[in-house]
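Structural overview for review
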Amino acid sequence: MKRIALLGMPNTGKSTLFNRLSGASARVGNWPGITVDLMSAKILAGSHIAELIDLPGLYDLHGFSDDEQVVRHFLSNNEVDLVCIVLNSTQIDRQLSLALQIRNLGIPAILLLNMQDEAKRAGITIDAAAMAAHINMPTLQLSAKYGDGCPSLLQKMAEVINQNTPKMNADEVAKRLEADNQIELEMQAIVNNTVQIPTTLNNKTTDNIDKVLLHPWFGLPIFIISIFFLFQFIFTVGAPLQDAMAWLFDQTRTVILDPLLSTAPTWLNGLLLDGIFNGVSTVAAFVPIIILFFLVMSMVEDSGYLSRAAFLMDAFMAKLGLDGRGFVMVLMGFGCNVPALMGTRVMRSRGMRLLTMLTIPLSLCSARLQIFIFMIAVLFKPSQAAWVMLSLYMMSLFTIFITALIFKGRFVSNEPFILELPPYRFPTAHQIWARGWQEVRHFLIRASKFIIFGVVMVWLLTNFPSNVPSASVDTYAGQIGTLFAPILDPIGIDTHLAIALIFGFVAKEIVVGSLAVIYGLQGDALISQMAQNLDWVQGMSFMLFSLIYTPCLSTIATLKTESKSSAFMWLSIAWSLGLAWLVSLIFYQGARALGF
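Please read all numbers here as calculations on a predicted model, not as lab measurements.

1. A few points about the environment of Ile291
Among the secondary structure elements, Ile291 is positioned in helix α12 (residues 287-303). Ile291 gets classed as partly exposed once you look at its relative accessible area, which sits at 27%. The spatial distance from the C-alpha of Ile291 to the C-alpha of Arg441 is 9.5 Å, given a sequence separation of 150 residues.

2. Digging into unusual backbone geometry
A cis geometry characterises the amide bond from Phe464 onward to Pro465, with omega recorded as 0 degrees. Mapping Pro465 onto the fold places it in the loop between α19 (429-463) and α20 (476-488). With a phi close to 60 degrees, Asn136 is a non-glycine residue in the positive phi region. Inspection of the secondary structure puts Asn136 in the loop between α5 (128-135) and β8 (139-141). Although it is not a glycine, Lys564 sits at a positive phi angle of roughly 55 degrees.

3. Thoughts on the side chain of Asp210
Its place among the elements puts Asp210 in helix α9 (residues 204-213). Apart from the residues lying within four places of it in its own chain, the contact partners of Asp210 are His215, Arg308 and Tyr424.

4. As for the pattern of salt bridges
Taken as a whole and judged by the stated rule, the model has five salt bridges. A salt bridge links Asp54 to Lys14; the shortest N-O distance between them is 2.6 Å. Pair noted here: Asp54 is in strand β4 (residues 48-54) and Lys14 is in helix α1 (residues 14-22), with a separation of 40 residues, a long-range link. The class of Lys14 is buried, set by a relative accessible area of 7%.

5. Description of helix α22 (residues 509-519)
Within an α-helix, residues lying three or four positions from one another point in the same direction, as the helix has 3.6 residues per turn. Among the 11 residues in α22, 11 count as buried, and that is most of the element. Looking at α22, one finds that the buried residues are Glu509, Ile510, Val511, Val512, Gly513, Ser514, Leu515, Ala516, Val517, Ile518 and Tyr519. Looking one or two places after α22, you find Gly520, whose phi comes out positive at around 65 degrees.

6. Points about the packing of aromatic side chains
Taken as a whole and judged by the stated rule, the model has seven aromatic pairs. Between Trp459 and Phe464, the aromatic rings sit 6.1 Å apart at their centres with planes inclined by 75 degrees, giving edge-to-face as the arrangement. Judged by relative accessible area, which is 6%, Trp459 ranks as buried. Note on Phe464: relative accessible area 32%, which makes it partly exposed. Between Trp536 and Phe596 the ring centres are 5.6 Å apart and the planes differ by 75 degrees, which places this aromatic pair in the edge-to-face class. With a gap of 60 residues between them, Trp536 in helix α24 (residues 536-548) and Phe596 in the segment after α26 (566-593) connect regions that are remote in the sequence. Positioned above the aromatic ring of Tyr549, the side-chain terminus of Lys508 is 4.2 Å from the ring centre.

Cut-offs and rules
- Every residue gets a number counted from 1 within its own chain, in the order that chain's sequence is written.
- Local features are withheld for residues below a pLDDT of 70 in this predicted model, meaning they are given only at 70 or higher, and side-chain atom pairs are given and counted only at 80 or more; totals for whole chains, interfaces and linings count all residues.
- Computation of side-chain values: all heavy atoms of the structure, hydrogens and water removed.
- Runs of E in the DSSP output that reach at least two residues are strands. Runs of H or I that reach at least four are helices, and both are numbered from the N terminus.
- Throughout this description, buried means an accessible area under 20% of the type-specific maximum (1.4 Å probe, protein chains only), exposed means over 50%, and partly exposed covers the range between.
- Should any heavy atoms of two residues lie within 4.5 Å, those residues are considered in contact.
- In the sections that follow, a salt bridge refers to a side-chain nitrogen of Lys or Arg positioned within 4 Å of a carboxyl oxygen of Asp or Glu.
- Classification of ring pairs uses Phe, Tyr and Trp, with its six-membered ring standing for Trp, and accepts pairs whose centres are within 6.5 Å; under 30 degrees between planes counts as stacked, over 60 as edge-to-face, and the remaining range as tilted.
- Cation placement over rings: the criterion is NZ of Lys or CZ of Arg within 6 Å of the ring centroid and within 35° of the ring normal.

Here it is as structure tokens:
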């Protein structure tokens, strides 16, 4: 099988092109010589079935960031049949050096000038044929966002592979990577002869928008208000979909499953219906809101607005020992903490990286999101939902800022912050769906992996020993809850909630499903029962603890791998647990003291 590597600088549309070419066939795999997993997919290039590998974004093959080292190690340890170099056509004068570095390695390569639609709007014209002659490399113009040029790219891949150009083996590539070259002068000469860039790019619209959104006083409030209205939209549109899903599952159990399993042994009936079905269906009922959330947030992310948020926060983050990149990683952590932790490799300073990694697990990730959506449905009116959700995001940011402020003296960095603001973009429907579906698919895979295991274990703990009432204090679950009562009672977390939190250590996706199993109910019946057992103060304390305390096992493992330190991993676990308990204690006892 042929091997094709996709390589480019950050913000060139490389991931968009990978998704466009790979569709839904992407997978994660490990490779010789590197310690991280890379996305790969099988594609059809002419008559060849080839494996397309998406390498991390990098600025320079001779740089020192972790991502740059990953690319060098991959090329040094793995033979590659073709490298596709993705550059941003609007920044070709600054990015061509990377193509020249790859060319000098002797690996067959194709130069891809992406974002041709934006270059056209900016008045930039590139003579691709002349550039191909200068650089001695096939050169194509395309737009991964719209799919323009992708069929020609697959055809060109096949042509280059069929030429059977002698390729250098990994050892020869490794030797050339050690050598420096006179690329800068050659790059300038090529740009002068092949690219026409207007003296002033047509960025009036972007500049006018930025005058408002990047205003030193109004920029941040506008961002917070925008996020609030997005939450309001998600809950308003998603609530009827959630109710419809809950009704569908309720009818499925009443009409089909209850009669079907009526003659089954009591223990099997309980396991299948009160255990697995209740747990899985309760989580599944909230999937429409999760999907809507990811679709909306992918649209915001691809628009270029999140980079502006990082710019707005940089001055403030610098006082905490972080920078705007750290804020970007925190925002990425709102989707999932794991890729956000891996994204810190772009930071050259170890102190900056460790401090950022300590704060990321406090981001309100998608797994926690479903807990909050469920608890908000139990305890608050629809008109209050967006405000409660916004308050949780603000608390997430507050704990991140406090953590950075406390530990900045221990993890010191003087690395300068450079952030390139991309132009505003209007994501296509395909783009929104592809990005949103990628996040939803990741969520569903993780959920299906952990939820069934979790709800079965919770059912066993709440139903054994078999000679005591189900979910009583005499069951194994009740005994565990009693054991932790001295710690959790002061923050208003009862035995039922305590069991859910314990299983949340494995994965937060288990928490909601385990509550359905513990109560032996689903849908509206579960919501009604919990609303009777809990008041909003207890529920909010539970959500605050869930927000802050130790994230899933995957995040913990990534912390250890990326930091290369068990001590740092344990510091993160201990800090998040202690902070979660303290914040919940202050809130719960304070609310009770005020008479709530």
